[in-house]
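This is what each chain is made of:
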Amino acid sequence: MSHWLLFLISVMLLCSALIVVQTHIITVIKLLIAQNTLLAGYLLTQAVRLPSVALWVSFGITVMVKMIVLPWLLWKLTRFLQLSGRIEPIVNKPTLLILVTILVLFALILGQTMLSALPHLSVAGFSLSLANAFVALLVVIVRRKTVTQIIGLLMLENSIFILAAALAAGFPWVIELGMSFDVLMGVMIFTLFLMRIQREYGSFQVHHVEKLKERV
Amino acid sequence: MSLIALLFLPGVVSLFLLPCIANRTWASILSATACTFSFIVAVVLAMHVYRQQAPVFFFHQWFICDKFGSFFVLINSLIGMTTSFYAISYLINEDNQHLHPLVYRFYHTGYQLFLLGMLLVLLSNNIGMMWIAIECATIASVALVGLYHTKAALEAAWKYLILCGVGIGLALLGTVILYFGAYTQGLGEHGLLWTQLVANAADLPPRLLAISFVFLFVGYGTKAGFVPLHNWLPDAHAEGPAPMSALLSGLLLNVALFAILRFKWMLSGTSLHSLPAYLLLIFGFIGLLFSALSLFRQRQLKRLFAYSSIEHMSLVSIAFGLGTPLALFVALLHMAMHSLSKTAVFFSCGNIMQQSGTQTLSKLKGLLGKMPASATLLLISTFIILGLPPSGLFISELLLILATLNAHILLAIPLLIGLGLAFLAILLKIQPLFWSQSDNNTVMPLKNKIFSYWPTLLHLIIVIISGLAVPIWLLNPVVHAIVGGLS
Amino acid sequence: MSMLSSIAAYLFQGVAVIAIAPLLLGWLKMLKSWCQNRSGASLFQPYFVFFKLFIKSPIVAQNASWLFRFAPFAYAACLSVLAFTVPLFLYRGWLSSYFDIIVIVGIFALARIIMAFAAMDVGTAFGSLGTRRELFVACLSEPVLLLVLLNLGLLAKGLTLGHISLMLIHQNALYPGLAFSLLAFVFVLLAENGRFPFDNPSTHLELTMIHEAMVLEYSGRYLALIEWGNALKLTLFLLLFVSLFFPYGLATQLSWAGWAMGLATTLLKLFVLILLLAFAESLQAKIRIFRIPDYLGLALFLALLGILLTQLTGAAMS
C-alpha cells in the first residue's frame with residue numbers, strides 16, 4: 001500500500017464523482033475509459049515491479065477486457081443507439097453533489113471505525129475504495145437512461161477490483177479471470193437487451209421499462 | 001476419480017456439445033440424459049458423504065461437499081432432471097407461438113449453464129468462486145427469462161439484470177472486505193477458503209465481520225427475494241418460460257439462501273452470532289407480511305405463485321433465524337418441500353397456459369371441464385402448496401409454529417397472521433379457475449403430454465409421502481452437522 | 001550570499017513577473033492561432049499593443065468621476081503587489097511571509113471590486129451588465145479558491161505560500177485530496193480569468209461579455225493598464241498553480257545555480273500550462289451563463305471533497 005496507490009484511488013474517485021453529474025453520455029464513457037486506464041496503469045506498474053506470471057496474466061486480462069473490449073462495445077452501442085442525447089439525472093446537480101459528499105464522508109467514517117488495528121494507509125485506501133463503490137451505486141439509482149445503469153455496475157466492479165488489488169495483493173488469477181469473464185458476459189447480455197429495447201420501444205427512458213406493476 | 005468432478009462432468013460436456021446440435025429433439029434428449037447422469041452421481045455422492053464424518057474435498061480444497069451441501073445438491077439435481085424432462089414436452093408445444101427455432105439451442109445451453117452455476121455454488125469452498133458461480137447462474141437465467149420476444153419479458157429480464165447486478169455487486173464488496181480482513185490476519189490467499197474462515201473467524205475484527213456480512217446479506221438477499229429488494233422476482237418468475245420459472249422459484253432462491261447461510265455458519269463462533277439471526281428474522285417477517293398482503297392484488301397466475309415463493313422463502317428465513325435444532329430441521333424440510341411442490345405448480349401452470357393461451361386469472365375459468373388432466377394436477381399442486389395435509393408443507397408449517405412458540409411466543413402472532421392471509425389469498429384466487437362457467441372454449445391440445453405429466457406427479461408423490469412419513473433420516477445428519485459446528 | 005543580494009533577487013523576481021505577463025499572453029494567442037491553422041501575430045505583439053495604447057490620450061465620459069480615472073491604477077497596483085508574493089524562481093515571493101493566502105484572495109477581490117465600481121460609475125447599460133455578471137461569477141468562484149488554498153494550508157500547517165511550496169518540495173508525496181483540489185483550481189482559473197468555457201476573451205458581442213463589458217468605456221493608457229492587469233492576473237494564477245501543486249525545482253537556497261534551475265523549470269511549466277490552456281480553449285465552446293453555477297458548484301464540491309479526503313486520510317501520510 002503506497003502513496004502512489006492511494007493517490008490513484010483518489011483520482012478514480014474523482015472520475016466517479018464526475019460521472020455522477022455528467023449531462024452527455026459520451027463524456028461518461030470517456031471518464032469510464034479513463035478509470036479503466038488508471039486501473040491498467042496500476043497493474044502494469046505492479047507487474048513490472050514484481051514480475052510474476054500471475055500478475056502479467058492479470059494485467060493482460062484487464063487490458064483486454066476493460067480497455068479494449070468494453071469501451072469498444074459501449075462505443076458501438078452508443079453509435080448504434082444514436083445517443084447524442086443528454087442524460088438528465090432525476091434530481092438536480094447540487095443535490096447529487098451533496099449526496100456524493102455525504103457518501104464519501106460515510107465511507108471514510110466507516111473505514112475509520114472498522115479498521116483501527118491496521119496501518120493508516122491501508123485504512124485510507126479501503127475507505128476510498130468503499131466511497132467509490134457507494135458513488136457507483138448512486139450512479140445506478142439516479143439516472144433515467146438505461147445505459148448509465150450498466151455503467152454504474154461497471155464502476156462498482158472497478159472499485160471492488162481496486163480494493164482487492166490494492167489491499168490484499170489481488171485475487172488469485174483464476175478468480176480474476178472468472179470475474180472479468182462474468183462482467184463481460186453481463187455487458188454482452190445487456191447490450192443485446194438494449195438493442196431489443198431500442199427495437200421495441202424506440203428509446204431508452206427507464207420509465208418505459210417500468211410498466212409491469214399491479215393495478216389496484 | 002473424485003465424485004465431485006464426476007458430478008460436474010455431464011454439465012460441462014453438454015455445455016460444449018449443445019450449441020452444436022441443431023436437431024431439437026436430440027438437444028432435449030441430450031440435456032435430459034446429462035441431468036439424469038448428474039442425478040445418479042449426486043445420489044452416490046450424498047450417500048458417500050452421509051456415511052462418513054468428514055466432508056469431501058477436491059482441487060486444493062476449492063470444492064467441499066459436506067452434509068449441508070450434499071442435501072442441497074440432491075434437491076438440485078433431482079429437480080434439474082425432472083425439469084429437463086418437462087422441457088421436452090414444453091418446448092415442443094411452444095413452437096407455434098413465440099419461439100424462433102434457433103432459440104432452442106440457446107435455451108438448452110443456457111439451461112445447462114444455469115444448472116452448472118448453481119451446482120458450483122453449492123459445492124464451492126472458495127468464496128470468490130461462489131460469487132463467480134452465482135453471477136454466472138444469474139446471467140444465464142437473465143438470458144433465459146428474456147427468451148420470449150414480448151415487451152413484458154424484456155422488461156422483466158431488464159429489471160432482473162439491473163437489480164440482481166446491483167445485488168451481486170454488493171455481495172462482491174462483502175466478499176472482498178472479508179477476504180481483505182482474512183488476508184491481513186495472516187491467512188494469505190487461504191483467506192478465500194470458507195473452511196479456513198470458519199476456523200479463524202473469531203480472530204477477525206468484529207466490526208469488519210459485521211460490515212462484510214451486512215453487504216453479503218443485502219447482496220445475496222436481493223437474489224433470495226428479501227423485501228424490499230424483491231422487485232425483480234414477480235416479473236422474472238412470471239414472464240419466463242415455465243421450466244425457467246420453476247427453476248428460479250424452486251432452486252435459485254434456495255441457492256441464494258444457502259450462500260447466506262454459509263456466512264451465517266461462519267459467524268456462529270464469534271461474538272456476532274446473533275447478528276445474522278436478527279437480520280434473517282426481521283427480513284423474514286417483513287417478507288411474510290408483505291407477500292401475504294400482496295397476494296390479494298395479483299391478477300396473473302404465475303405472478304401469484306411468484307409472490308407465494310417470496311412468502312415461503314420468508315418462512316424459511318424465519319426458521320433459520322430462530323436457530324434452534326427443531327427450527328433448523330423445519331427450515332431444511334420446508335426448503336425441500338417447497339422446491340418440489342413449487343416446481344410442480346409451475347409445471348402445471350405451464351401446461352394450462354399453453355393450452356388456454358393466457359395467464360390472466362379472470363380469463364381462466366372452468367378448467368376442470370375443459371382440460372381435466374392439467375387442471376387436476378394444478379388443483380392437487382395448489383392444495384399441496386397451500387399446506388393442506390397430507391402435504392409435507394403442512395408438517396413443516398406446523399413444526400415451524402411449534403418452534404416459534406418454543407422460542408418466543410410473541411413471534412407466533414405475525415407468523416400465524418401471515419400464514420393465514422397467504423392461505424386465504426391463494427385459495428380465493430385459485431378457486432374460480434376450476435369450477436366456474438366459461439364462455440370461451442378454445443383449448444389447444446398438448447403433444448407429448450406424458451413428459452409434462454410424470455415430473456409433476458413424481459414431485460407431488462414425493463411431497464405427499466414426506467408429509468406422511470417425514471424423512472428424518474435424511475435431515476437429522478445435516479442438523480447435527482450444523483449444530484455440532486456451532487458448539 | 002549576502003542579505004542585499006537576496007533582497008535584490010526578490011525584487012527582481014517581482015519585476016520579472018510583471019514584465020513577462022504580456023509575453024505569456026502573446027504565447028497563448030500564438031498557440032491558439034496555430035490550433036486554428038493560421039500563423040498568428042508575433043510573440044511580442046501584446047507589448048506593442050500596450051505601448052500603442054500608452055501613448056494615446058484617453059477619452060473620458062463627461063459624467064465620469066474621480067473613481068473612473070483612479071480605478072485602472074488601483075487595479076494594476078493591487079495585482080503588481082501580488083506579483084511580489086508568487087514564486088518565479090525562488091520558492092516564495094518577497095511579501096509572501098506577510099501576505100498569507102487569505103490576504104491574497106482578498107487583494108484579488110479588492111482589485112475586482114474597484115473595477116466593478118468603476119464600470120458602474122459612468123452609468124451605461126453594459127457597464128452594469130458586465131459588473132453584475134462578473135460579480136455573479138466571483139460569488140461562485142471565490143469560495144472555491146479559498147477552499148482550495150485552505151486545503152493546502154491545512155496540509156502544510158501554515159497559511160503562507162512559502163510554507164506550502166516548501167512542504168511540497170520536501171515531502172515529495174502525493175496526497176489523496178490534491179487531485180480534487182487541482183481540478184477545482186483549474187475551474188477557478190478559467191472562471192476568474194474569463195477563459196473558455198466561462199467567457200470568450202476575444203468576443204466583440206457585448207451581450208455575451210462578462211469581463212470585457214466592464215472595460216468597454218476605457219481607452220488610452222487606462223485601457224493599457226487594465227489589459228496589462230488582466231495579463232498579470234492570468235500569470236499570477238498560473239504561478240499560483242505552479243507553487244501550489246508542482247513546486248518541484250524552485251530554488252530553496254540562495255545560489256545562482258539554484259536560481260537558474262528554478263527559472264528554467266518555472267518557464268517550462270508555464271510553457272506546458274499555456275499549451276494545455278490553448279488546447280482546452282480551442283476544443284471547447286462557451287457555455288450559457290445560467291450553466292455557470294453547474295460548473296462552479298461542481299468545483300465547490302470537488303474542493304470540499306478535497307479537504308475531506310485530506311483531513312480524514314492525510315493523517316496517514318505524516
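The shown structure was predicted, so the numbers you read here are calculated from the model rather than taken from an experiment.

When you go through chain A residue by residue, the secondary structure sums to 7 helices and 0 strands. What you see in chain A, going N to C, is helices and strands ordered as α-α-α-α-α-α-α. Per-residue burial over chain A gives 62% buried out of 216 residues. Sequence-distant contacts in chain A: of pairs separated by 6 or more residues, those separated by 24 or more amount to 74%. Surface accessibility of chain A: about 8,700 Å² in total, with carbon and sulfur atoms responsible for 71%.

Time to look at helix α1 (residues 3-35) of chain C. Owing to its 3.6 residues per turn, the α-helix brings residues three or four apart onto one side. Under the 1.5 Å per step criterion, the end-to-end length of α1 of chain C is 47 Å for 33 residues, consistent within 8% with the ideal 48 Å. Of all the bends found along α1 of chain C, the most pronounced is centred on Ile20 of chain C and spans about 35°, while Pro22 of chain C, a proline, follows it within four residues.

Contacts between chain A and chain B engage 48 residues on the former and 49 residues on the latter. Both sides of the chain A and chain B interface together cover about 4,600 Å² of buried area, and 76% of this is carbon and sulfur. Scanning the region where chain A abuts chain B turns up 0 salt bridges. Taken together, the links from chain A to chain B amount to 0 residue pairs in polar contact (both at pLDDT 80 or more). Elements that contribute at least two residues to the side of chain A that touches chain B include exactly α4 (93-114), α5 (120-141), α6 (146-167) and α7 (173-201) of chain A. Here the side of chain A that touches chain B is composed, by residue class, of 33 nonpolar, 7 polar and 8 charged.

Once that is clear, we can look at a nonpolar patch on the surface. Residues and elements named next belong to chain C. A cluster of nonpolar side chains, Leu110, Ile113, Phe117, Met120 and Leu135, forms an exposed patch at the surface whose accessible area comes to about 410 Å². Within the secondary structure, Phe117 sits in helix α4 (residues 101-121). Residue classification places Phe117 among the partly exposed positions, given a relative accessible area of 46%.

Residues and elements named next belong to chain B. For the structure shown, the criterion picks out 11 salt bridges over all chains. With a closest N to O distance of 3.2 Å, Asp66 and Arg262 form a salt bridge. Taken together, the residues span a long stretch of sequence, with Asp66 in the loop between β2 (63-65) and α3 (67-94) and Arg262 in helix α10 (residues 242-267) at a distance of 196 residues. For Asp66, a relative accessible area of 10% corresponds to the buried category. By relative accessible area, which is 1% here, Arg262 ends up buried. Several salt bridges share partner residues, and in doing so they unite Glu155, Lys159, Asp235 and Arg303 into one network.

So, how was this worked out
- Residues numbered from 1 in each chain as written.
- Chains lettered and ligands numbered in written order.
- Predicted model: local features only at pLDDT ≥ 70, side-chain atom pairs only at ≥ 80, totals over all residues.
- Heavy atoms only, no water.
- Helix = DSSP H or I, 4+ residues; strand = E, 2+ residues; numbered from the N terminus.
- Buried < 20%, exposed > 50% of the residue type's maximum accessible area, 1.4 Å probe, protein only.
- Contact = heavy atoms within 4.5 Å.
- Areas by Shrake-Rupley, 256 points an atom, 1.4 Å probe, with all protein chains shown as cover.
- Expected span 1.5 Å × (residues − 1).
- Bend = angle between axes of the 7 residues up to and from the residue.
- Buried area = accessible area lost by both parts, 1.4 Å probe.
- Salt bridge = Lys/Arg side-chain N within 4 Å of Asp/Glu carboxyl O.
- Polar contact = N/O pair within 3.5 Å; in protein donor to acceptor, adjacent residues only side chain to side chain.
- Nonpolar A, V, L, I, M, F, W, Y, C, P; charged D, E, K, R; others polar.
- Patch = residues over 30% accessible without salt bridge, like charges linked within 9 Å, V, L, I, M, F, W, Y side chains within 5 Å.

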